[in-house]
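Observations on the model geometry
Here is how the chains run, residue by residue.
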Amino acid sequence: MLQYLVQGILLGGLYAIIGIGMSLVFGIMRLTNLAHGDLMILSSYTALTFCELLGGNLILAAILTIITMIIVGFFIQGFLLNNILDKGSEPALLVTFGVSVFLANLLHKIFSADYRGLANSLSNTKVISTPAVSISAMYLFSFLVAILLITGLHLVMQYTNFGRSIRATSDNAMAASLTGVNTKKTYIYAMMLSMGVTAVSGVLIGCTYTFNASVGSSYLIIAFGVVVIGGMGSLVGTLVGGIVLGVAQLLGSYFFGSGVQMLVAYVVLLIVLATRPNGLFARGARK
Amino acid sequence: MSMLEVKDIEVYYGDFQAINKVSINVDKGDVVSLIGANGAGKSTLINAICGINKTRAGSVTFLGKDITKEKTSHIVSLGLTSAPEGSHCFEKMTIQDNLLMGAYLCKSSAERKQRLEEIYELFPMLREKAKQLATFLSGGQRQMLSIGRALMTQPKLLICDEISLGLAPVVIKEIYSQIEKITQKGVTLLIIDQDVSRSLFHSKYAYVMLEGKIVMEGKSSDMNIDEVNDAYFGINFSKKE
């Protein structure tokens, strides 16, 4: 039981990273990025490709993947979404759905349906290995990365001019433009930031689990769960949301068997939605 | 010297024409008021000047530059901004962060602090509540915050939209007394208010809007309140034409 609990908490860190990218975009543009899971798997494959080209240097491959995805974010927002966001968020939602279908099929075409993984030394290393608890270094590493990312992003959002402009745009885009913020550019920066974090999650997922072109949508649902439980747009909430979902999943697996573990996680999600529709960490009352 | 020159602009919402060939002029150092009932098109006009609403015809010139098609963020950098009515504060941000957003284009943090200090002197109430979220402010406090935030951009021309909407008379009086201090600092003002006599009293020149048109204009001191009231409500207006 302790094993499941600890592993659930650590898994929550990984889930939180998946959720952050989505939360950022939703918080700022009120846009649900349905391509989020597929973009994450795209990063996993990008890292895999770089890794093969570089002869197995995963760290360098991860850095190149982050840069690549930031550029991808620039193009998605600058050339696809910005033009259509003027017409409201529903048409943009459809565009992200299109991107999702396109990416899943493109990745299928290029990489076939075989499951792949990113070879690394951490996932076979145990940091704790007792009869009661055994923790993989990879899980712990993901959790630490999550804490680091969330703390870093929180500091940037709270204390820098750039972070303030992102918060202001998310709060009231018109008023933000009257203070001199170019909201279209802010949207692009936000998407680039989101894609950078998504690249990190893609690499970590690739190191932890095997993946193929069609698993993107299941990670989209996890991202959605994390963000809904934590409260859309709240960074600390994302971490809590990830942990709630991770623990629910693993305790579900402990009590009811691994076949229904995700079912338990989603039941918890539904309970949160029914009792706290704005999420556990929704900030400020919305009128 | 003419600071802002709006010439024959037209604004449409779909097929509906909200602004019909409106021209206004604001001279440097003046306080100009724009009077009109709800739905007369005042806010639409302001948003068109600031580049938020797209114009279909006509031109807007600020300090000799054509800004008709410019982005709002660029217009703000030239020194023209509007303080939207108080409901447009950044709700989930503190008062201080709201104000600091006003100095977004200022890259020096020392200068940002100095501007903040000036605003706190103008509105001491904002200093007291600096760490509170804007969502907890009253209507009058929001209005002050909105004006303070706009002043943080260091505008040459400040447009105050619906300056007294829904506020208690005492609060309105306080805001107008700050407005006088703002003009003394050399900021030109275009003020939108629904109260005719107050607008005329505080301004040098006034425009009256009705159904998307300017129906009356002139020196505020020369204007007859009854005539302005008639124009405001559109009474007997066709007879005068």
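From a predicted model like this one, the values you see are computed outputs, not experimental measurements. (Residues numbered from 1 in each chain as written. Chains lettered and ligands numbered in written order. Predicted model: local features only at pLDDT ≥ 70, side-chain atom pairs only at ≥ 80, totals over all residues.)

**Regarding the overall build of chain B**
If you tally the helices and strands in chain B, you get ten helices and ten strands. Taken against the 2.2 N^0.38 rule, which gives 18 Å for 241 residues, the C-alpha radius of gyration of chain B at 18 Å falls within 12% of a compact globule. Judged by the C-alpha coordinates and their principal axes, chain B covers about 55 × 40 × 35 Å. Across the 241 residues of chain B, 44% fall into the buried class. Within chain B, contacts between residues separated by at least 24 positions form 67% of all contacts whose residues are at least 6 apart in sequence. (Helix = DSSP H or I, 4+ residues; strand = E, 2+ residues; numbered from the N terminus. Rg over C-alpha atoms; globule rule 2.2 N^0.38 Å. Buried ≥ 20, exposed ≤ 12 C-beta atoms within 10 Å, placed from the backbone. Contact = placed C-beta atoms within 7 Å.)

**Thoughts on the packing of helix 4 (residues 109-122) of chain B against helix 6 (residues 139-152) of chain B**
Residue and element names in this part refer to chain B. It is the contact of helix 4 with helix 6, at a shortest axis distance of 10 Å, that shows an interaxial angle of 145°. Helix-helix and strand crossings are classified by hand; for helix 4 and helix 6 the assignment is right-handed. Where helix 4 approaches helix 6, its residues Arg115, Ile119 and Leu122 are matched on the opposing element by Gly148, Leu151 and Met152. Taken together, the residues of the contact of helix 4 with helix 6 sort by class into four nonpolar, one polar and one charged. (Axes fitted to C-alpha atoms, helices over the stretch in contact; angles between N-to-C directions. Left-handed = near helix turned anticlockwise from the far one by under 90°. Nonpolar A, V, L, I, M, F, W, Y, C, P; charged D, E, K, R; others polar.)

**Quick word on the sheet that holds strand 2 (residues 16-27) of chain B**
Hydrogen bonds between backbone atoms are what pair the strands of a sheet, whose relative direction is either parallel or antiparallel. All names here are of chain B. On the basis of which strands lie adjacent, the open sheet formed by four strands has the order 2-1-4-5 and antiparallel pairing. Looking at strand neighbours, the two that pair on one side only are strand 2 and strand 5 (65-66), the edges of this open sheet. Where strand 1 (residues 2-13) and strand 2 come together, eight bridges link them in antiparallel fashion. Within strand 2, the position partnered with Ile9 by the bridge is Val22. Contacts between helix 1 (residues 42-49) and the sheet are confined to strand 1, strand 2 and strand 4 (57-62), with strand 2 contributing the most and set at about 65° to the helix. (Pairing = 2+ DSSP bridges.)

**Description of helix 1 of chain B**
All names here are of chain B. Of all eight residues making up helix 1, eight are buried, and the element is well covered by its neighbours. Residues of helix 1 that are buried: Lys42, Ser43, Thr44, Leu45, Ile46, Asn47, Ala48 and Ile49. Of the residues one or two after helix 1, Gly51 is the one with positive phi, at around 85°.

**Re the nonpolar core**
Counting 84 residues, the largest nonpolar core has Ile17, Ile18, Val25 and Val226 of chain A as the members making the most contacts within it. When residues no more than four places from it in sequence are discounted, the contact partners of Val25 of chain A are Leu31, Asn33, Ala190, Met191 and Ser194 of chain A. Of all hydrophobic cores here, the second largest spans 75 residues; its members include Ile119, Leu151, Leu157 and Ile159 of chain B. (Core = buried A, V, L, I, M, F, W, Y, C linked by C-beta atoms within 7 Å.)

**Comments concerning the environment of Leu126 of chain B**
Residue and element names in this part refer to chain B. In this fold, Leu126 is placed in helix 5 (residues 124-128). A sequence separation of 102 residues divides Leu126 from Val228, and the C-alpha atoms of the two residues are 36 Å apart. Setting aside anything within four residues of it in sequence, one finds Leu126 in contact with Ile95, Leu99, Ile119, Tyr120, Met144, Leu145 and Gly148.

**Observations regarding the sheet that holds strand 8 (residues 188-193) of chain B**
All names here are of chain B. The strand order 6-7-8-3-9-10 describes an open sheet built from six strands, whose pairing is mixed. The outermost strands of the open sheet, each flanked by one partner alone, are strand 6 (80-83) and strand 10 (213-219). Averaged over all adjacent pairs, the angle separating strand axes in this sheet is 20°, with direction ignored. When strand 7 (residues 157-160) meets strand 8, the two strands line up parallel, connected through four bridges. Bridging from a neighbouring strand, Cys160 pairs with Ile191 of strand 8. The strands touched by helix 6 within the sheet are strand 6 and strand 7, with strand 6 carrying the most contacts at an inclination of about 170°.

**Let's talk about helix 8 (residues 183-208) of chain A**
When the terminal C-alpha atoms of helix 8 of chain A are compared, their 37 Å separation across 26 residues agrees well with the 38 Å that a helix rising 1.5 Å per residue should span. Within helix 8 of chain A, 23 of the 26 residues are buried, which leaves it mostly tucked inside the rest of the structure. (Expected span 1.5 Å × (residues − 1).)

**Overview of the interface of chain A and chain B**
Contact with chain A, which involves 18 residues of that partner, is made by 25 residues of chain B. Within the residue set of the side of chain A that touches chain B, elements represented by two or more residues are helix 6 (161-171) and helix 7 (173-177) of chain A. Considering every element that reaches the side of chain A that touches chain B, the biggest residue donor is helix 6 of chain A, with six residues. For the side of chain A that touches chain B, the residue count by class is six nonpolar, eight polar and four charged.

**Side note on unusual backbone geometry**
The phi dihedral of Ser112 of chain A is positive, around 60°, even though this residue is not glycine. Within the secondary structure, Ser112 of chain A is located in the loop between helix 4 (89-111) and strand 1 (126-129). In this structure Ser112 of chain A comes out as exposed when scored by C-beta crowding, with 11 C-beta atoms within 10 Å. With phi around 45°, Glu211 of chain B is a residue other than glycine that occupies positive phi space. In this structure, Glu211 of chain B sits in the loop between strand 9 (205-210) and strand 10.

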